[in-house]
Amino acid sequence: MDKSLNLKRVPQTNHPSLKAWSAADELMVQSNPTNEETIGIYNDAFGYLTCHLANQNPFIITDLKSQAAAIHQNATNNDITVAANQFYLITDELPKQLEKAYLKIPKSIALFETYLQHIHSHLSSNGQVICGFMTKYFNANLLEMATKYFENVEQSKAKKKARLLILSGKKNRDNQPSFEQFQYHHLKLEQHKGVFSAGKVDKATNYLLQNIKQPKKYACILDLACGNGIIGKWILDKIEIEELHFLDDSNLAITSAKRNVKNENTQFHHNFDLSDFKENSLDWIITNPPFHFENTIDTSIPINLFKEAKFKLKEGGTLTIVANSNLGYESFLKHHFSQVKIEASNHQFKIYTCS
Ligand SMILES: C[S@@+](CC[C@H](N)C(=O)[O-])C[C@H]1O[C@@H](n2cnc3c(N)ncnc32)[C@H](O)[C@@H]1O
């Protein structure tokens, strides 16, 4: 890493081994010949690629709002100019074809495919894709997926336990955004490829929905970290409410939730914190919170969300959380909320209600 660059993770984490870049990012930057090309940077976790390739005015394509914020913040802190009009969401069309795309391969193979589809649609016919990954996360499905979209799929030699996949020769195919569909009880759900819990309901979510108890006050609700919106959709189906908000860091998740929930009393927030809400404005916040960042367990993200939730709840409001029993949220919750009840538990999950 360029010693003069100072990069931080967003949202911040207390996890000691989580850095803001990896050897895979370094290898991708090293592969860059410094000629003038139209380049796109996909899934640049915290801005390492953008900061290094900024002089080529890249298009920066993200799914997570936190990722765009991290890239912007880290570039600004390092006196690197990145304009707002360089940022695009993975669901947006780019104004120009790319000659080269850089992609940090995500953990989810479905999300990898979603990125590849966007790249395939926006890359010139003789363009090249440089994908970076850490060798410990390699699996044969990556190659299979890459060959679905490109004729030539080459692997570089490993360096510092990182490797590149170099793709070229676009295959002739139509890339309509494809939605996965599934049924949960009588509810039909759809989601973009790459959204949490593909094709089925997550076990913790299922446990929550089967044991859900509405609190005394529930007029204004937030489905926090909503994914495809299943929790809010289930609630809307069961009880009459005034207002239901859905919030997720992933644009693909929010787009999916919008497809699943069409009620008028709903609002959707593409965000990674609760800054869209006033203090004392919500009656009930309900969540199956994130506790991974890519391949690492990191509970500092949900814990920050719980801290914010406390201030956004009205007097007498409730935060309901479903979590793996071993995540140990209890002492944190007891420290911050006056009442913490375990509403239900089994060998795997606990449902906490905090007020
Ligand atoms: C465990 S999943 C739950 C999804 C959905 N509620 C369900 O039950 O299927 C957690 C979700 O949190 C989202 N997420 C991760 N970090 C976030 C943050 N800081 N703020 C909001 N959402 C976040 C992820 O995109 C993911 O959709």
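On a predicted model such as this, the values are computed, not experimentally measured, just so you know.

Basis of the calculations
- Residues numbered from 1 in each chain as written.
- Predicted model: local features only at pLDDT ≥ 70, side-chain atom pairs only at ≥ 80, totals over all residues.
- Heavy atoms only, no water.
- Axes fitted to C-alpha atoms, helices over the stretch in contact; angles between N-to-C directions.
- Helix = DSSP H or I, 4+ residues; strand = E, 2+ residues; numbered from the N terminus.
- Parallel < 35°, antiparallel > 145°, perpendicular 65-115°, else oblique.
- Left-handed = near helix turned anticlockwise from the far one by under 90°.
- Contact = heavy atoms within 4.5 Å.
- Salt bridge = Lys/Arg side-chain N within 4 Å of Asp/Glu carboxyl O.
- Domains from an automatic or database assignment.
- Buried area = accessible area lost by both parts, 1.4 Å probe.
- Polar contact = N/O pair within 3.5 Å; in protein donor to acceptor, adjacent residues only side chain to side chain.
- Nonpolar A, V, L, I, M, F, W, Y, C, P; charged D, E, K, R; others polar.
- Buried < 20%, exposed > 50% of the residue type's maximum accessible area, 1.4 Å probe, protein only.
- 1 Å grid on protein atoms, 1.4 Å probe; cavity = no way out; pocket = protein on both sides within 12 Å on 5 of 7 lines; lining within 4 Å.
- Points joined across faces, edges and corners; volume = space filled by probe spheres on them.
- Near = heavy atom within 4 Å.
- Areas by Shrake-Rupley, 256 points an atom, 1.4 Å probe, with all protein chains shown as cover.

**Overview of the packing of helix α4 (residues 109-122) against helix α5 (residues 140-149)**
Packing of α4 against α5 leaves a shortest axis separation of 10 Å and a crossing angle of 25°. The angle between α4 and α5 falls in the class roughly parallel. In terms of crossing hand, the pair formed by α4 and α5 is right-handed. Contacts from Ile109, Phe112, Glu113, Leu116, Gln117 and His120 of α4 reach α5 at Asn141, Leu142, Met145, Ala146, Lys148 and Tyr149.

**Considerations on the environment of Lys136**
Counting through the fold element by element, Lys136 comes out in the loop between β5 (123-134) and α5. Sequence separation between Lys136 and Arg163 is 27 residues, and the spatial gap between their C-alpha atoms is 10.0 Å.

**Quick notes on the pattern of salt bridges**
Summed over the entire model, instances satisfying the criterion amount to 10 salt bridges. One salt bridge in this structure joins Arg259 and Glu190, with 2.7 Å as the shortest N-O distance. A residue pair is termed long-range when its members are at least 10 positions apart, and Arg259 in helix α8 (residues 251-260) and Glu190 in strand β9 (residues 187-192) qualify at 69 residues. The salt bridge partner of Glu343 is Lys341, with a shortest N-O separation of 3.7 Å.

**Focus on the domain arrangement of the protein chain**
Segmenting the protein chain into domains produces domain 1 (23-170) and domain 2 (179-354). For domain 1 and domain 2, the distance between their C-alpha centroids amounts to 31 Å. Between domain 1 and domain 2, a total of about 1500 Å² is buried, with carbon and sulfur atoms accounting for 59% of that surface. Among the residues of domain 1 in contact with domain 2, Asp63, Lys65 and Lys107 are the three that bury the most area, contributing 34% of the side total. For the pair domain 1 and domain 2, the interface holds one salt bridge. Joining domain 1 to domain 2, the criterion identifies 10 residue pairs in polar contact (both at pLDDT 80 or more). Looking at the side of domain 1 that touches domain 2, the elements with two or more residues in it are α3 (65-77) and α4. With four residues, α4 is the largest single contributor of residues to the side of domain 1 that touches domain 2. In terms of residue class, the side of domain 1 that touches domain 2 is made up of 10 nonpolar, four polar and four charged.

**Observations regarding the side chain of Asp283**
With respect to the helices, strands and loops of the structure, Asp283 is situated in strand β13 (residues 282-287). For Asp283, a relative accessible area of 4% corresponds to the buried category. Within the structure, the side chain of Asp283 is placed 3.4 Å from the backbone nitrogen of Ala219, a separation counted as a polar contact. Sequence-distant contacts of Asp283, defined by excluding residues within four places in its chain, comprise Lys217, Tyr218, Ala219, Cys220, Leu313, Lys314, Gly317 and Thr318.

**Looking at the layout of surface pockets**
Unoccupied space between atoms shows up once a probe the size of one water molecule is rolled over them. In this structure, the second largest pocket encloses a volume near 340 Å³. Lining the second largest pocket are 15 residues, with Pro215, Thr318, Gln339, Thr353 and Ser355 positioned closest to its centre. Every element with two or more residues in the lining of the second largest pocket is listed here: β16 (313-324), β17 (340-345) and β18 (349-354). Here the lining of the second largest pocket takes three residues from β17, the largest share from any one element.

**A closer look at the site of the ligand**
Surveying the vicinity of the ligand reveals 17 residues, the closest of which are Thr205, Ala225, Cys226, Asp248 and Phe272. Between an oxygen atom of the ligand and a side-chain N or O atom of Thr205, the distance comes to 2.6 Å. Contact distances for the ligand include 2.7 Å between an oxygen atom and a side-chain N or O atom of Asp248. Starting from 590 Å² of accessible surface for the ligand in isolation, the protein chains cover 90%. At the level of elements, α7 (230-238) and β11 (243-248) are the ones that each hand at least two residues to the shell around the ligand. Here the shell around the ligand is composed, by residue class, of 10 nonpolar, five polar and two charged.

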